[in-house]
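Chain by chain, the residues run as shown.
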Amino acid sequence: MTAPRRVAVLKGGSSLERSVSLRSGAQVEDALRGLGHEVSGIDVGTDLVEQLLALEPDAVFIALHGPQGEDGTVQSLMEALALPYTGSPPAACARGTDKVLAKQLMREAGIPTPEFESLRQGAIRDLGAGGAVPSIERRLGFPMVVKPARGGSALGVKFASSSTELPGAMVGAFSYDGTVLLERHVSGRDLAVSVLGTGAGDGGSDARPRALPIVEAVPREEGFYDYESRYGIGMTTFVCPAELPADITDRACNLAIEVYELLGCHGFARIDLMVDHETAELWVLEANVVPGMTETSLLPQAADAAGISFDELVGLMLESAFTR
Amino acid sequence: MSSQEMERSSTPGGRGTRPTAHELARYESLFAARTRGMKSSAMREMMALTERPDVISLAGGLPDTSTFPPELYERLMAEVSLQTARALQYGPTEGMAATAECIVQVMAAEGTAIDPADVIVTTGGQQVIDLVCKTLIDPGDVIVAEAPTYPGAVPSFSAYQAEVEQIEMDSDGMPIDALEETLDRLAAQGRRPKFIYTIPNFQNPGGVTMSLARRRRLVEVARERELLVLEDNPYGLLRYEGDPLPTLYSLDAAAVGRDSASDLVIYLGTFSKILSPGLRLGWAVAPRPVLEKLNLCKQGADLCSSPVTQMFVSAYFAEDGAWLRHVEHLRELYRARRDVMFEALAEHFGESADWTRPEGGLFIWATLDERIDTTDLLALARNTEGVAFVPGRAAYMDGRSGSSSMRLNFAGIPEAEIREGIARIGRAISQQLGLLGFLGSPPPPAAREGEAGEAAPGEPPAPDTGEGLADVVKLPRRPDSARGRRRQDR
């Protein structure tokens, strides 16, 4: 499909998701070598630009999670260096990574997302925003989900079941980001829809993005208050394709593509949704513009269920660098 | 070999075939059930990030190895080289006889007489925990441990699918009446723990020491109920004040009228804290039937511990009194560092924090305002201040309790870094407390005792499970006089 290229794989870095990123990067490097490309893995640090200038790659594969990999920092830098890179452009990264901004955009676009408010640390300090908390409590009710606006793992994500628990949960979330998202809790099934925007069908790069089979994350045991064990490795089993009625599957896939386009994603993204236990309503929680590529990550699982091997998937992702 | 590599070895180029997720599903079905309990928590991932040069880490379990004289190391290795062939050969599973004699000396310094034939040399003390579990634990068996417990024991217990009952400690270690209540409750369910795991001296991470009365009572209870005790004593010789207390092993041996053998205590010792963890040498002293099983399990694990390092140890112990002088030197070094940390804590941790005052060992256990989650605090402290510690949750099997506590190592780094590290954590705490204040959250009442069951008006009552309250680790809150003294110290 493509001529051998010189590809730099960006991974690691110093974020809290460093180890996941290193694993993603190693998997991607293996696959790219398997596809016949010349691959250099770069553990991102202060000499990143120096290394890229020396290497002069044909493309940069971004397998870097955490703030700088996902929020548009590295993507902007690649544009500044005029280097083709995989995945979404800086603006889409910024929109996708900031859960609050993403939800604001979804709300404006009429895409269902659980009701929410956000508070900034500066506003709490300088504007007395703590005084707004009771009003938020009345509107969202308990339990409430409290999340750092940016951050990819379950770190800092807590359920608050009462107003006494809320300040602690918020301060916990502020440990990871200056903005905190307060969200109405939806009780339901966790779904992840991966969207591929390149090589979708034989139409090539300009075909409409397509959703891959849905992955459902099923917690092994009901641990309502314990986000970490719920989403920790080994505590969750993944089912792909998720066993859902056809109409829900269709709606979920369409919603995911809508969000993908709304945020301006390119190449690939993973959209996380919930389907309400009682009403079967679908709610979009967030988008992930640099999905994990480890052995247990959701995008590779979804691709596999669609008959796309890991190597093929990585090849398609690499294509996104040249179809911007 | 990764799944991709496997794939490519059959089809060069690796295209057009179906690998990974299916391979993964296949691996998943191959993994033993016990691996499901072994989770790589986000917290542990975060701990991995603290190993950076710009981060002051109070998180390690490290002793200071920089004070061991290089010329002595060189001389000892030269001596080992005189018997190169032996050093490079396999050794006996139970350990070399000369090593056991060194262990007898260390145990004697702990006031404990043992028969060298009751010793098995292991690859670090950690291997004893693993071998004891391997020997005694079937899935679902119960282990009774302290709360908090040694974080490094948690993965071993999980790997053998043990159910762990944790007993909250106070300033005298594990309360034996609470232990008995737990044993009664288990007995009512027809369950009997396989062993009781305790670190009686300068507990890791709690920093507290089990009192003599409790030691005696623990041995009695174990005897009455015919339970084994795993006595984990890595730090006993690192006492900086107060009188040494007898080991559980020696108390039991004396109680049954034998000079040198307990028949219910498995004793765990190590050279890691008194000499070097890099040697990877520890030991167990155990009743014969247990010892035989430990030996069989060790054969399956690693055949034998390294003869090179065992011979290094015997060469070292042959130097007249050198090892005792080194331990004395470590005591002085660590005592000073501990006192520096006490001072720094008093200066920087604020009135809402409290901490243990260990008489020895390597660790202080600090408990903060209950509204602070130390896992989150670690993220903040690491990112904005460049400092790391072990969040308290690592010391609890449920991964949930201990959330407002932290373990601090005072032994492994120089005094200036201890001061700076504690100051940095203090700044992160202040930031969080300041935010809590802005959010209008009232600080917890100063005296918590006796009001734990009370809920605020309009709040649902706390659940009976005690889970909501388990976050508060009830380690000693010093009397007010001590707090006053701390303020004056500044």
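Residues numbered from 1 in each chain as written. Chains lettered and ligands numbered in written order. Predicted model: local features only at pLDDT ≥ 70, side-chain atom pairs only at ≥ 80, totals over all residues.

### Examining the overall build of chain B
So, step 1. Tallying secondary structure elements over chain B gives 17 helices and 13 strands in all.
So, step 2. Taking all 490 residues of chain B together, the buried fraction comes to 47%.
So, step 3. When contacts within chain B are restricted to residue pairs at least 6 apart in sequence, long-range pairs at least 24 apart make up 76% of them. (Helix = DSSP H or I, 4+ residues; strand = E, 2+ residues; numbered from the N terminus. Buried ≥ 20, exposed ≤ 12 C-beta atoms within 10 Å, placed from the backbone. Contact = placed C-beta atoms within 7 Å.)

### What about the overall build of chain A?
So, step 1. Secondary structure assignment for chain A yields 13 helices and 13 strands.
So, step 2. Here the C-alpha radius of gyration of chain A, 20 Å, is about what a compact globule of 324 residues would show, namely 20 Å.
So, step 3. When the backbone C-alpha atoms are referred to their principal axes, chain A occupies close to 60 × 45 × 35 Å.
So, step 4. Taking all 324 residues of chain A together, the buried fraction comes to 55%. (Rg over C-alpha atoms; globule rule 2.2 N^0.38 Å.)

### Digging into helix H14 (residues 322–348) of chain B
Residues and elements named next belong to chain B.
So, step 1. With 27 residues, H14 ought to run about 39 Å at 1.5 Å a step, and its terminal C-alpha atoms sit 39 Å apart, in line with that.
So, step 2. Here H14 has its buried residues at Trp323, Leu330, Tyr334, Arg337, Arg338, Met341, Ala344 and Leu345.
So, step 3. The inward-facing, buried residues of H14 contact helix H13 (307–318), strand E9 (354–355), strand E10 (363–367), strand E13 (405–409) and helix H16 (415–438).
So, step 4. Within two residues after H14, Gly350 carries a phi angle of roughly 80°, on the positive side. (Expected span 1.5 Å × (residues − 1).)

### Considering the environment of Pro90 of chain A
Residues and elements named next belong to chain A.
So, step 1. Structurally, Pro90 can be placed in helix H5 (residues 90–97).
So, step 2. Residue class for Pro90 comes out partly exposed when judged on the 17 C-beta atoms lying within 10 Å of it.
So, step 3. Sequence spacing of Pro90 and Leu77 is 13 residues, and the spatial spacing of their C-alpha atoms is 9.2 Å.
So, step 4. Pro90 has contacts with Gly72, Gln75, Ser76 and Glu79, leaving out every residue within four places of it along the chain.

### Focus: the environment of His326 of chain B
So, step 1. By the secondary structure assignment, His326 of chain B is in helix H14.
So, step 2. With 39 residues separating them along the chain, His326 of chain B and Trp365 of chain B place their C-alpha atoms 26 Å apart.

### Points about the sheet that holds strand E3 (residues 59–62) of chain A
All names here are of chain A.
So, step 1. Reading across the sheet, the 3 strands line up as E2-E1-E3 and stay open at both edges, with parallel pairing between neighbours. The open sheet has two free edges, formed respectively by strand E2 (38–43) and E3, since each of these has just one partner strand. Adjacent strand axes in the sheet meet at a mean angle of 25° when their direction is disregarded.
So, step 2. The sheet contact formed by strand E1 (residues 6–11) and E3 spans 4 bridges and is parallel. Residue pairing across strands places Val9 opposite Phe61, the latter belonging to E3.
So, step 3. Along the sheet, helix H1 (residues 18–34) makes contact with E1, E2 and E3, crossing E1 at roughly 165°. (Pairing = 2+ DSSP bridges. Axes fitted to C-alpha atoms, helices over the stretch in contact; angles between N-to-C directions.)

### Description of the domain arrangement of chain A
Residues and elements named next belong to chain A.
So, step 1. Domains assigned within chain A are domain 1 (6–87), domain 2 (95–99 + 186–322) and domain 3 (115–184).
So, step 2. Here domain 1 and domain 3 have C-alpha centroids that lie 33 Å from each other.
So, step 3. Opposite the 7 residues of domain 1 that make contact, domain 3 presents 4 residues. (Domains from an automatic or database assignment.)

### Concerning the pairing of strand E3 (residues 142–147) of chain B
Residues and elements named next belong to chain B.
So, step 1. With 5 of 6 residues buried, E3 lies mostly within the body of the structure.
So, step 2. By the bridge criterion, 6 bridges tie E3 to strand E4 (residues 163–168) in an arrangement that is parallel. Within E4, the residue paired with Val144 across the bridge is Glu165.
So, step 3. Since E3 and E4 lie parallel, the crossover through helix H8 (residues 153–159) that links them has a hand, and here it is right-handed. (Right-handed = clockwise from strand over helix to strand, strands pointing away.)

### Things to note about unusual backbone geometry
In most cases, non-glycine residues show a negative phi, while peptide bonds are predominantly trans.
So, step 1. Here the residue pair Phe142 of chain A and Pro143 of chain A is connected by a cis peptide bond, since its omega of 0° sits within 30 degrees of zero.
So, step 2. Tracing the backbone through its elements, the reader meets Pro143 of chain A in the loop between helix H8 (133–140) and strand E5 (144–148).
So, step 3. One non-glycine residue, Phe202 of chain B, lies in the positive phi region at around 50°.
So, step 4. Along the chain, the position of Phe202 of chain B falls in the loop between strand E5 (195–198) and helix H10 (212–225).

### Digging into the pairing of strand E8 (residues 282–285) of chain B
Residues and elements named next belong to chain B.
So, step 1. Every second residue of E8 is oriented toward a common face, with Gly282 and Ala284 on one face and Trp283 and Val285 on the other, all of them buried.
So, step 2. Of the pairings in the sheet, the one linking strand E2 (residues 119–122) to E8 comprises 4 bridges and is antiparallel in character. Each bridged residue has a counterpart across the sheet, and for Thr122 the counterpart in E8 is Gly282.
So, step 3. Here strand E7 (residues 265–270) pairs with E8 via 4 bridges, running antiparallel.

### What about the packing of helix H6 (residues 97–109) of chain B against H13 of chain B?
Residue and element names in this part refer to chain B.
So, step 1. Where H6 meets H13, the axes come as close as 9 Å, and the angle between the chain directions of the two elements is 50°. By the angle between their directions, the pair H6 and H13 is classed as oblique. Along this stretch, H6 crosses H13, giving a crossing that reads as left-handed. Of the residues in H13, those touching H6 at Ala98, Thr99, Cys102 and Gln105 are Gln310, Val313, Ser314 and Phe317.
So, step 2. By residue class, the composition of the contact of H6 with H13 is 4 nonpolar, 4 polar and no charged. (Parallel < 35°, antiparallel > 145°, perpendicular 65-115°, else oblique. Left-handed = near helix turned anticlockwise from the far one by under 90°. Nonpolar A, V, L, I, M, F, W, Y, C, P; charged D, E, K, R; others polar.)

### Details of the sheet that holds E9 of chain B
Residues and elements named next belong to chain B.
So, step 1. Across the sheet, 4 strands lie side by side as E9-E10-E13-E12; this open sheet has antiparallel pairing. Strands at the two margins of the open sheet, each flanked by one partner only, are E9 and strand E12 (390–391).
So, step 2. Two strands pair when backbone bridges link them, and E9 and E10 are joined in this way by 2 bridges, in the antiparallel orientation. Across the sheet, Asp354 pairs through a bridge with Thr367, a residue of E10.

### Side note on the packing of H14 of chain B against H16 of chain B
Residues and elements named next belong to chain B.
So, step 1. For the pair H14 and H16, interaxial distance at closest approach is 9 Å and the crossing angle is 25°. By the angle between their axes, H14 is roughly parallel relative to H16. Here H14 runs over H16; the crossing is right-handed. On H16, the residues that touch Ala336, Arg337, Val340, Met341, Ala344, Leu345 and His348 of H14 are Glu415, Ile418, Arg419, Ile422, Ala423 and Gly426.
So, step 2. For the contact of H14 with H16, the class distribution of residues is 8 nonpolar, 2 polar and 3 charged.

### Thoughts on the nonpolar core
So, step 1. In terms of nonpolar packing, the biggest core is built from 145 residues, with Val229, Ile266, Ala284 and Ala366 of chain B touching the most fellow members.
So, step 2. Counting residues per element, this core draws most heavily on H16 of chain B, which supplies 8 residues.
So, step 3. Apart from residues no more than four positions distant in its own chain, Ile266 of chain B is found in contact with Val132, Leu228, Val229, Leu230, Glu231, Ala284, Ala286 and Val290 of chain B.
So, step 4. Ala59, Leu273, Trp283 and Leu285 of chain A belong to the second largest nonpolar core, which has 73 residues in total. (Core = buried A, V, L, I, M, F, W, Y, C linked by C-beta atoms within 7 Å.)

### As for H13 of chain B
So, step 1. For H13 of chain B, built from 12 residues, the straight-helix expectation of 16 Å at 1.5 Å per residue is met to within 8% by its first-to-last C-alpha distance of 16 Å.
So, step 2. Each element contacted by the buried residues of H13 of chain B is listed here: helix H4 (70–81), helix H5 (84–87), H6, E2 and H14 of chain B.

### What to know about the confidence of the model for chain A
Residues and elements named next belong to chain A.
So, step 1. On average, residues of chain A score 89 in pLDDT, and 91% of them are at 70 or above.
So, step 2. This model gives residues 200–205 a pLDDT under 50, and the stretch forms 9 contacts once residues within four places in sequence are excluded.
So, step 3. Across residues 229–233, confidence stays below pLDDT 50; counting only partners more than four residues off in sequence or on other chains, it has 15 contacts. (pLDDT = per-residue confidence, 0-100.)

### Focus on the confidence of the model for chain B
All names here are of chain B.
So, step 1. Summarising the model, chain B shows a mean pLDDT of 84, and 81% of its residues fall at 70 or more.
So, step 2. Of the regions scoring below 50 in pLDDT, residues 1–22 engages in 39 contacts with residues more than four places distant in sequence or in other chains.
So, step 3. Per-residue pLDDT stays below 50 along residues 447–490; that stretch engages in 47 contacts with residues further than four places along the chain or on separate chains.
So, step 4. Across the predicted assembly, pTM comes out at 0.81 and ipTM at 0.82.

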